[in-house]
Amino acid sequence: MAFELPALPYDYEALAPFMSKETLEYHHDKHHKAYVDNGNKLAAEAGLADLSVEEVVKKSFGTNQGLFNNAAQHYNHVHFWKWMKKDGGGNKLPGKLQAAIDSDLGGYDKFKADFIAAGTTQFGSGWAWLSVKDGKLAISKTPNGENPLVHGASPILGVDVWEHSYYIDYRNARPKYLEAFVDSLINWDYVLEMYEAAST
Ligand SMILES: [Fe+2]
């Protein structure tokens, strides 16, 4: 099925001052739109236009780099917008998620430190992730558009560490952006929704 650019689930000012209107306009309207447009063109050329985005991501990994880059970035950004909300973040998690973070990742503080470290140490463009793999939570990082789907895991939270996600608001201070994402932006309800879908 054709990829479509989803509308943001909030208005362009909603995430300020942690993520500005200007960042969202460029990031959603231009960068994400380009992944959608290029992904549709390349999926059609590859004869894969009827597949879901998840299937295109898995099929193109390691076989069609151009299509993979765009399809994976489309998948990543569809969720990235929903992984944030106004007045989000912080350590008040839904109970089920808190219990899993306690048992699998050593508690919220350790999760926060390890997730931020993953994003900070991803050299160049990429993502930091919280995923479910073999029934357990795991933190990882990937370069460019790569994501946990191609490593046998189900992503439930990801943060974009491409410069287009933070340079307008934070310049080169990637750790400051990651801290703001965790403390003030994460939509834990959507993380829980993906956790429950991945755990069934
Ligand atoms: Fe991005």
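Here goes a summary of the coordinates provided.

Procedures and definitions
- Residues numbered from 1 in each chain as written.
- Predicted model: local features only at pLDDT ≥ 70, side-chain atom pairs only at ≥ 80, totals over all residues.
- Heavy atoms only, no water.
- Helix = DSSP H or I, 4+ residues; strand = E, 2+ residues; numbered from the N terminus.
- Rg over C-alpha atoms; globule rule 2.2 N^0.38 Å.
- Buried < 20%, exposed > 50% of the residue type's maximum accessible area, 1.4 Å probe, protein only.
- Axes fitted to C-alpha atoms, helices over the stretch in contact; angles between N-to-C directions.
- Parallel < 35°, antiparallel > 145°, perpendicular 65-115°, else oblique.
- Contact = heavy atoms within 4.5 Å.
- Nonpolar A, V, L, I, M, F, W, Y, C, P; charged D, E, K, R; others polar.
- Pairing = 2+ DSSP bridges.
- Left-handed = near helix turned anticlockwise from the far one by under 90°.
- Donors = N, O, S within 2.8 Å, 3.2 Å for Na, K, Ca; no water.
- Tetrahedral: all angles 85-135°; square planar, octahedral: opposite > 155°, others 65-115°.

On to the overall build of the chain, then. Looking only at helices and strands, the chain features 8 helices and 3 strands. Counting helices and strands in the order they occur from the N terminus, the chain gives α-α-α-α-α-β-β-β-α-α-α. Here the C-alpha radius of gyration of the chain, 16 Å, is about what a compact globule of 200 residues would show, namely 16 Å. Here the C-alpha coordinates of the chain stretch approximately 45 × 40 × 30 Å along the principal axes. Considering the chain as a whole, with its 200 residues, one finds that 49% of them fall into the buried category.

The next subject is the packing of helix H4 (residues 95–105) against helix H5 (residues 108–121). Contact geometry of H4 with H5 gives a least axis separation of 8 Å together with a crossing angle of 75 degrees. For the element pair H4 / H5, the angle class is roughly perpendicular. Residue-level inspection shows Gln-98, Ile-101, Asp-102 and Leu-105 of H4 in contact with H5, the latter providing Tyr-108, Lys-110 and Phe-111. Grouping the amino acids of the contact of H4 with H5 by side-chain chemistry returns 4 nonpolar, 1 polar and 2 charged.

A separate point is the pairing of strand E3 (residues 154–160). The buried fraction of E3 is high, at 6 of 7 residues. Pairing geometry for strand E1 (residues 126–133) and E3, over 6 bridges, is antiparallel. In the sheet register, Trp-129 faces E3, and the bridge partner there is Gly-158.

Turning our attention to the packing of helix H1 (residues 21–45) against helix H3 (residues 65–82). At a minimum axis distance of 8 Å, the contact between H1 and H3 shows a crossing angle of 140 degrees. The orientation of H1 relative to H3 falls into the category oblique. At the point where H1 passes H3, the crossing takes the left-handed sense. Together, Leu-24, His-27, His-28, His-32, Ala-34, Tyr-35, Val-36, Asn-38, Gly-39, Leu-42 and Ala-43 of H1 and Gly-66, Leu-67, Asn-70, Gln-73, His-74, His-77, Val-78, Phe-80 and Trp-81 of H3 make up the contact between the two elements. Looking at the contact of H1 with H3, its residues break down into 10 nonpolar, 10 polar and no charged.

Another point: the coordination of the iron ion. Taken together, the protein donors to the iron ion comprise His-27 (NE2), His-77 (NE2), Asp-160 (OD) and His-164 (NE2), at separations of 1.9 to 2.1 Å. For the iron ion, the 4 donor atoms in the first shell make angles of 92 to 144 degrees at the metal, so the coordination geometry reads as irregular. Here the donor residues of the iron ion are spaced in sequence according to H-x49-H-x82-D-x3-H. Of this pair, His-27 sits in helix H1 while His-164 is found in the loop between E3 and helix H6 (167–170), placing the two residues 137 residues apart along the sequence. With respect to class, His-27 is no different from His-164; both count as buried.

Spatially, 3 strands are ordered E2-E1-E3 in an open sheet, and the strand pairing comes out antiparallel. The sheet is open, and its two borders are formed by strand E2 (136–143) and E3, each paired with just one other strand. Taken pair by pair, the neighbouring strands of this sheet meet at an average axis angle of 20 degrees, ignoring direction. Alignment of E1 against E2, held across 8 bridges, turns out to be antiparallel. Bridge pairing in E2 places Ala-128 opposite Lys-141. In this fold helix H8 (residues 188–199) packs onto E1, E2 and E3, with an angle of close to 150 degrees to the strand it touches most, E3.

Shape descriptors only; they carry no functional weight alone.
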